[in-house]
Amino acid sequence: MSELYGTLQRLYVREDLAAEGVILLDSKACHYFKNVLRRQEGESFRVFNGRDGEFIARIETLGKKEGRACIVLKLKDQPATVLPLHLLFSPLKKDRMDFLIEKAVELGVTDLHPVLMRRTSNRKINEDRLHAQIIEAAEQCERLTMPTLHPLSSLERVITSWSGLPLCWARERGNAQELGTLTEIPQAFLLGPEGGFDEAECAFLESKTAVKAVSLGERIYRAETAALVCLAYRSLLPS
Ligand code: SAH
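What counts, and at which threshold
- Residues numbered from 1 in each chain as written.
- Predicted model: local features only at pLDDT ≥ 70, side-chain atom pairs only at ≥ 80, totals over all residues.
- Heavy atoms only, no water.
- Domains from an automatic or database assignment.
- Contact = heavy atoms within 4.5 Å.
- Buried area = accessible area lost by both parts, 1.4 Å probe.
- Salt bridge = Lys/Arg side-chain N within 4 Å of Asp/Glu carboxyl O.
- Polar contact = N/O pair within 3.5 Å; in protein donor to acceptor, adjacent residues only side chain to side chain.
- Helix = DSSP H or I, 4+ residues; strand = E, 2+ residues; numbered from the N terminus.
- Buried < 20%, exposed > 50% of the residue type's maximum accessible area, 1.4 Å probe, protein only.
- Phe/Tyr/Trp six-rings, centres within 6.5 Å; stacked < 30°, edge-to-face > 60°.
- Pairing = 2+ DSSP bridges.
- Axes fitted to C-alpha atoms, helices over the stretch in contact; angles between N-to-C directions.
- Parallel < 35°, antiparallel > 145°, perpendicular 65-115°, else oblique.
- Nonpolar A, V, L, I, M, F, W, Y, C, P; charged D, E, K, R; others polar.
- Left-handed = near helix turned anticlockwise from the far one by under 90°.

To continue, consider the domain arrangement of the protein chain. Along its sequence, the protein chain is carved into domain 1 (2-76) and domain 2 (86-235). Placing a centre on the C-alpha atoms of domain 1 and another on those of domain 2 gives a separation of 33 Å. If you look at the interface, domain 1 gives 12 residues, while domain 2 gives eight residues. When domain 1 packs against domain 2, the two sides together hide about 850 Å² of surface, and 54% of this comes from carbon and sulfur. On the domain 1 side of the interface with domain 2, the three residues burying the most area are R10, Y12 and F48, jointly 56% of the side's total. Viewed at the interface, domain 2 and domain 1 are joined by two salt bridges. A salt bridge links K76 to E142, with the shortest nitrogen-to-oxygen separation between them at 3.7 Å. On the surface where domain 1 and domain 2 come into contact, there are six residue pairs in polar contact (both at pLDDT 80 or more). Within the residue set of the side of domain 1 that touches domain 2, elements represented by two or more residues are β1 (10-12) and β3 (44-48).

Laid out in structure tokens, this is it:
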């Protein structure tokens, strides 16, 4: 059934969603439907909130400041559980970071952790911008969950307070097991900055039992490529 609706615009909202419910559209959503998508009252779209599954809704009213849509059909149930997929990454320069965020969301990341490392060149992040990119990518790729963006933190703080979930540390030029030979399904990856990890960081990571060094092969990738290799590998594993 859902294939029939595959071409309908997909919108993320924060509010709860339920069969026969009503969705209030704020001025941003109204502008988007009216002026960007050129939609009118009576037309349908898909909607999800990351918690309740996916629905078809029909636009009832579309004003300048607010509008209303009503839910007409449930398309997909929310999956009961999703295996976590954490990505700990060093903020990159704008275009490379945009690429990284979009692809990570498409590849099913559940938790994005921007982490400051010694050689991180971009030491600030714009959370609003990252949130907007996360939403856009999630809307586009049809996922039903919304990744969590964690606050920017230092490598030391993130690792010291880490939950204990095995953390695959993508380690270039070091002693590390090939990613493809792991027997367990990786649930968390740590990627370094463009300049790589420094010696003190490597020593610190080596001392942590939850951290396991993994190699992605002989080629040295850019940080965003290395992240894609890790996430694409995980996305192909049965889970
Ligand atoms: N400038 C560094 C490379 C940094 S690559 C150097 O020349 O040594 C950026 C990040 O991508 C690394 O910190 C690592 O986390 C990851 N990475 C790149 N290639 C990798 C590989 N072959 N194996 C494991 N991790 C890799």
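For R10, the position within the fold is in strand β1. Judged by relative accessible area, R10 falls into the buried class, the value being 2%. Engagement of the side chain of R10 in a polar contact is seen with the backbone oxygen of A138, the distance being 2.9 Å. Of note is the side chain of R10, whose polar atom sits 2.6 Å from the backbone oxygen of R143. Non-local contacts of R10, meaning those with residues more than four positions away in its chain, are made with R46, F48, E54, A138, E139, E142, R143 and L144.

A separate point is the packing of aromatic side chains. Enumeration over the complete set of coordinates arrives at four aromatic pairs. Note on F33 and F45: the rings are 4.7 Å apart at their centroids and 45° apart in plane angle, and the pair reads as tilted. Within this pair, whereas F33 is found in helix α1 (residues 27-36), its partner F45 is found in strand β3, the two being separated by 12 residues in sequence. For F33, a relative accessible area of 1% puts it in the buried group. Given the relative accessible area of 1%, F45 is considered buried. Members of the aromatic cluster, joined through ring pairs, are Y32, F33 and F45.

This brings us to the sheet that holds strand β4 (residues 54-62). Note: strands within a sheet are paired through backbone hydrogen bonds, in either parallel or antiparallel orientation. Read across the sheet, five strands follow the order β1-β3-β4-β5-β2 without closing on themselves; strand pairing throughout is mixed. Only two strands of the sheet have a single neighbouring strand rather than two, namely β1 and β2 (22-25). Across this sheet, the average inter-strand angle for adjacent strands is 40°, counted without regard to direction. As paired elements, β2 and strand β5 (residues 67-76) share four bridges and run antiparallel to each other. Each residue of the ladder has a partner; that of V22, found in β5, is C70. Lying over the sheet, helix α3 (residues 127-141) contacts β1 and β3, oriented at roughly 145° with respect to β1.

As a further point, take the packing of helix α2 (residues 94-106) against helix α6 (residues 223-236). As a packed pair, α2 and α6 sit with axes 10 Å apart at the nearest point and diverge in direction by 5°. Taken as axis vectors, α2 and α6 run roughly parallel relative to one another. Touching R96, F99, L100, K103 and A104 of α2 are E224, A227, L228 and L231, all from α6. A per-class count over the contact of α2 with α6 returns six nonpolar, no polar and three charged.

At a closest axis distance of 8 Å, the pairing of α2 and α3 adopts a crossing angle of 40°. In this view, α2 runs oblique relative to α3, as classed from their interaxial angle. α2 and α3 meet at a crossing whose hand is right-handed. For the pair α2 and α3, contact is made by K94, M97, D98, I101, E102, V105 and E106 and by R129, L130, Q133, I134, A137, A138, Q140 and C141, respectively. By residue class, the composition of the contact of α2 with α3 is eight nonpolar, two polar and five charged.

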